[in-house]
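Understanding the architecture of this molecule
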Amino acid sequence: MLTQTNHKQTFRFVPSTSVPVDPKRVEEILKQEWEQFTKETGKSAEESRRSFKALPLGVTSSFQHWDPYPISIASAKGAYMTDVDGRQLLDLSMGFGAMLAGHLNPIVVEEIESSLTSGMLFVTPSPISTDAAERICNRFGIDQVRFTNSGTESTMYAVRVARSATEKMGILKVEGGYHGSYDPFVVSSKPALDKIGDPEDPTPAIDSNLVPGDIYVVPFNNISALERMFEKNAKKIACFIVEPVLENLAIVLPDEGYLERVRELCDEYNVVLIFDEVKTGLTAGAHGASARLGVQPDLITLAKSIGGGLPLAAFGGKKKYMDFVTNGKMAHFGTFNGNPLAMAGVRAIDRICSDEALAAAEELNQQALNRISAIIDEYQLPAHTVGFGVKGCVTWSTSPVRNYRDYKATDFGVAEAHWLFALNRGIITPPGLDEQWLISLAHGQTEIDLLVEDFRDFAKALRA
Ligand SMILES: Cc1ncc(COP(=O)(O)O)c(C=O)c1O
């Protein structure tokens, strides 16, 4: 047994021995499970056929689609969703983190209902939006903030602030990093390996339908590649945008000292450091990942967990950068920005997400990680667990994943079998195989037991 890491309260457990999984067994499981899936989800299939007419792929965001068709959900409450076939599913996706407080959390509902008595949209200043901004600034330790409606908008505006402040146009991102769908960020988001060259000096992968501008790409957790990049190109690079913990490639932890050195290099080369906390945010702890990991960026972007499930996002940070919004060099607009309903979400989350409440959810997550690690050990699976805050994942690889290329070397066949096995037994996690489970404030011991015991059943099935 080997515990790999525990710096800054991150979690990674890599067992020292493992026995390979038979690929034929994985194929058998996948075949059986897809048959069961199609047998039990007839109404989702019908819904999918219907929705294809009005919606491309039958979904409102391309993430939501999978073949042959995704599960269609009729309602959700607490930690559970009910699909159109009437099956109850334990939700471990929780809106990619947006439902951190749980579905229909009574405090969120109360704040929304009370907000509806005072209006829907003012498009003027209001004490309601000032109050929400103060709460976000206090919680995340930033000077100023502006609200938007999605993470994509927030990352786009954060980059524009950096460009205005530095009068440089280049954007540096991590290979495999996802920051929403603004053109520059789609570059090398999940590129095909045959298009991206040397792992130490990756070639940006640019789709022909994009106008990304000047975009540079480095591997995560690689300080010498970053140093070389800055030596060569820092005069053109406005910002380095990075998730402090990558949460779009399962969970990839920063090496000890990596973010600290990134901070120093950005200062040295006049590059604005943007931490994209759209996914980490409050799922990393009550004050976000930056506070937890002890490295302060110049700007942060927030979404998902800060709004209680309402469409709310934000970008903010040091006043010296947000001054470019004030002086109009980077004007920021939006009809729905700071709308009262979304602001009610901020108030609710501020009431709900205390240090204690999040610490309790994290403790449950830690328990799940420990128990699943023990099962991996017992069945000598070629896998390991990684956790951060209230999120965790099983990564199907015997060595730690430190960057995109490592992630691409993990076993996606077993990952798919695991995801589908759980789905057929009433547990829904995100479909992308690059996501993680989330223990929300609505999950308790019963739900942890379901997660862990389902994993044990899957381990048994793999070894059967
Ligand atoms: C790290 C990160 N940044 C930005 C975004 C974009 O957020 P949104 O989907 O709200 O536009 C996402 C979405 O998953 C994300 O994971």
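Below you will find a few notes about this structure. (Residues numbered from 1 in each chain as written. Predicted model: local features only at pLDDT ≥ 70, side-chain atom pairs only at ≥ 80, totals over all residues. Heavy atoms only, no water.)

Details of the sheet that holds strand 15 (residues 427-428)
Note the threshold: Here, a strand pair is defined by DSSP locating no fewer than two bridges between the strands. The helix and strand labels rest on DSSP assignments: H or I over at least four residues marks a helix, E over at least two residues marks a strand, and numbering proceeds from the N terminus.
If you trace the 4 strands from one edge of the open sheet to the other, you get 3-4-5-15, paired in mixed fashion. Edge positions in the sheet fall to strand 3 (73-77) and strand 15, since each of these pairs with one other strand and no more. The pairing of strand 3 with strand 4 (residues 80-83) spans 4 bridges and is classified as antiparallel. Its bridge partner lying in strand 4, Ser 75 is registered against Thr 82.

Some points on the pattern of salt bridges
Under the convention used in this document: Criterion for a salt bridge: a side-chain nitrogen of Lys or Arg within 4 Å of a carboxyl oxygen of Asp or Glu. Per-residue accessibility, obtained with a 1.4 Å probe over protein chains only, is compared with the maximum for each type, and a residue is labelled buried under 20%, exposed over 50%, and partly exposed between these values.
In the structure shown here, the tally under the stated rule is 29 salt bridges. When the shortest N-O distance is used, the salt bridge between Arg 351 and Glu 110 registers 3.1 Å. In this pair, Arg 351 is assigned in helix 11 (residues 340-352) and Glu 110 in helix 3 (residues 106-115), connecting sequence segments 241 residues apart. The exposure class of Glu 110 is partly exposed, given its relative accessible area of 44%. One salt-bridge network, in which partners are shared between bridges, spans Arg 371, Glu 378, Asp 449, Glu 453 and Arg 456.

A short note on the site of the ligand
Filter applied, for reference: The rule for a residue being near a molecule or strand is that one of its heavy atoms must lie within 4 Å of it. Between N or O atoms, a polar contact is any pair within 3.5 Å; within protein, one atom must be a potential hydrogen donor and the other a potential acceptor, and residues adjacent in sequence are included only when both atoms are from side chains. The Shrake-Rupley method, run with a 1.4 Å probe, gives the accessible areas here. Residue values count only the displayed protein chains as cover. Note on residue categories: nonpolar means Ala, Val, Leu, Ile, Met, Phe, Trp, Tyr, Cys or Pro, charged means Asp, Glu, Lys or Arg, and polar means any other residue, Gly included.
Close to the ligand lie Ser 150, Gly 151, Thr 152, Tyr 178, His 179, Gly 180, Glu 243, Asn 248, Asp 276, Val 278, Lys 279 and Lys 304. In this structure, a nitrogen atom belonging to the ligand sits 2.6 Å away from a side-chain N or O atom of Asp 276. Surface burial for the ligand is 86%, taken as the share of its 390 Å² of free accessible area covered by protein chains. Looking at the shell around the ligand, its residues break down into 2 nonpolar, 6 polar and 4 charged.

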